[in-house]
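Now for the letters of each chain:
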Amino acid sequence: MIKRIFLTIMLMLVPVSVWADVIALSYEDPANELQTVKPTRQYVNATGPVSFYLNAGLDRKVGYAITDGSGQTVVEGMSDLIKPSDTITVFDQTYYGKVLVTPETIAEGSYTLTAQILDSAGSVVSTQSYPLVVDRSEPTAGEWWRLVSYNTKSFADNDRLFGTYIYSIWLKNVNDLSGVTEVQFESYDPDNGTVLTS
């Protein structure tokens, strides 16, 4: 009875997966900051090895494979058997699983990340795939363009003339390996660097 209660408590505390799953990816970005993201993030800018948090049940192995657009395996890894002491905590949740790390930096490009659960003999039990894009390059852009128009108003009683400058500013040929979905402009006060609008 005591053993049964203990097992029930353990299962409640530690989610167990029968399907291959990447819980998170962890890596250092170009600003030397550690990023931990879900695999659905898809776009990463890792400057070094990437850590994969993989979830599975006890007495299973976990693995990963990264393949390029032609289906060639770029890098892969596999763990040893998962034991009761093999728990991982990420996003405030604890799981049975392993953290596997790529041996080197992944080159820029578009890939498929496949998580694997294997039995004790190394046979694949289940897989789960995610699109993965590695992009460390900053966006490129062409020339700045500016159009200035002037709106004037006159007042007959004192012959004074008032006017308003209207600036239209745009940037041509913005490109990025991962595509561009949004561009944010900021204007600054030239005297003190204060952001006026963004």
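Quick look at the structure, then.

Definitions and limits used
- Residues numbered from 1 in each chain as written.
- Predicted model: local features only at pLDDT ≥ 70, side-chain atom pairs only at ≥ 80, totals over all residues.
- Heavy atoms only, no water.
- Core = buried A, V, L, I, M, F, W, Y, C linked by side-chain atoms within 4.5 Å.
- Buried < 20%, exposed > 50% of the residue type's maximum accessible area, 1.4 Å probe, protein only.
- Helix = DSSP H or I, 4+ residues; strand = E, 2+ residues; numbered from the N terminus.
- Pairing = 2+ DSSP bridges.
- 1 Å grid on protein atoms, 1.4 Å probe; cavity = no way out; pocket = protein on both sides within 12 Å on 5 of 7 lines; lining within 4 Å.
- Points joined across faces, edges and corners; volume = space filled by probe spheres on them.
- Salt bridge = Lys/Arg side-chain N within 4 Å of Asp/Glu carboxyl O.
- Axes fitted to C-alpha atoms, helices over the stretch in contact; angles between N-to-C directions.

Let us look at the nonpolar core. Within the largest apolar cluster, 25 residues are counted, with the highest numbers of intra-cluster contacts made by Val-22, Leu-25, Phe-52, Ile-66 and Leu-113. Taken together, the elements giving at least two residues each to this core come down to strand S1 (21-28), strand S4 (51-55), strand S5 (61-67), strand S8 (93-101), strand S9 (109-118) and strand S10 (124-134).

Hydrogen bonds between backbone groups are what pair the strands of a sheet, and the pairing can be parallel or antiparallel. In spatial order, the strands read S3-S10-S9-S5-S6; together these five strands make up an open sheet with mixed pairing. Each of the sheet's edge strands pairs with one partner strand only, and the pair in question is strand S3 (43-44) and strand S6 (73-78). Two strands pair when backbone bridges link them, and S9 and S10 are joined in this way by 10 bridges, in the antiparallel orientation. In the sheet register, Ser-110 faces S10, and the bridge partner there is Val-133.

Glancing now at empty space enclosed by the protein. A full pass over the atoms with the stated rule returns one cavity of 30 Å³ or more. Roughly 40 Å³ of volume is contained in the largest cavity. Forming the boundary of the largest cavity are Leu-25, Val-37, Lys-38, Pro-39, Arg-41, Gln-42, Val-44, Leu-113, Pro-131 and Leu-132.

Below, the discussion takes up the pairing of S4. Taken residue by residue, a regular strand's side chains alternate between the two faces of the sheet. For S4, a buried count of five out of five residues is recorded, marking the element as mostly surrounded by other parts of the structure. Along S4, one buried face is formed by Ser-51, Tyr-53 and Asn-55 and the opposite face, lined by Phe-52 and Leu-54, is buried too. As paired elements, S1 and S4 share five bridges and run antiparallel to each other. Its bridge partner lying in S4, Asp-21 is registered against Asn-55. Of the pairings in the sheet, the one linking S4 to S8 comprises five bridges and is antiparallel in character. Pairing of Phe-52 across the sheet is with Leu-100, part of S8.

Moving on to the pattern of salt bridges. Here the structure, examined in full by the defined rule, presents three salt bridges. Residues Asp-80 and Lys-98 are paired through a salt bridge, measuring 2.8 Å at the closest nitrogen-oxygen approach. On the criterion of sequence distance, the pair formed by Asp-80 in the loop between S6 and strand S7 (87-90) and Lys-98 in strand S8 is long-range, its members being 18 residues apart. In this structure Asp-80 comes out as partly exposed when scored by relative accessible area, which is 44%. Between Lys-98 and Asp-86 there is a salt bridge, and its shortest N-O distance comes to 3.3 Å. Of this pair, Lys-98 sits in strand S8 while Asp-86 sits in the loop between S6 and S7, placing them 12 residues apart in sequence. Judged by relative accessible area, Lys-98 falls into the buried class, the value being 14%. For Asp-86, a relative accessible area of 13% corresponds to the buried category. Linked through salt bridges whose partners overlap, the residues forming this network are Asp-80, Lys-83, Asp-86 and Lys-98.

Glancing now at the environment of Pro-30. Within the secondary structure, Pro-30 sits in the loop between S1 and strand S2 (34-37). Residues Pro-30 and Arg-136, spaced 106 residues apart in sequence, show a C-alpha to C-alpha distance of 7.2 Å.

This part takes up the sheet that holds S1. With antiparallel pairing, five strands are arranged side by side in an open sheet as S2-S1-S4-S8-S7. Each end of this open sheet is capped by a strand with a single partner; those strands are S2 and S7. Sheet twist, expressed as the average angle between the axes of neighbouring strands with direction ignored, equals 40 degrees. Relative to S2, S1 is paired through four bridges, and the arrangement is antiparallel. Looking at S2, one finds that Tyr-27 is bridged to Gln-35.

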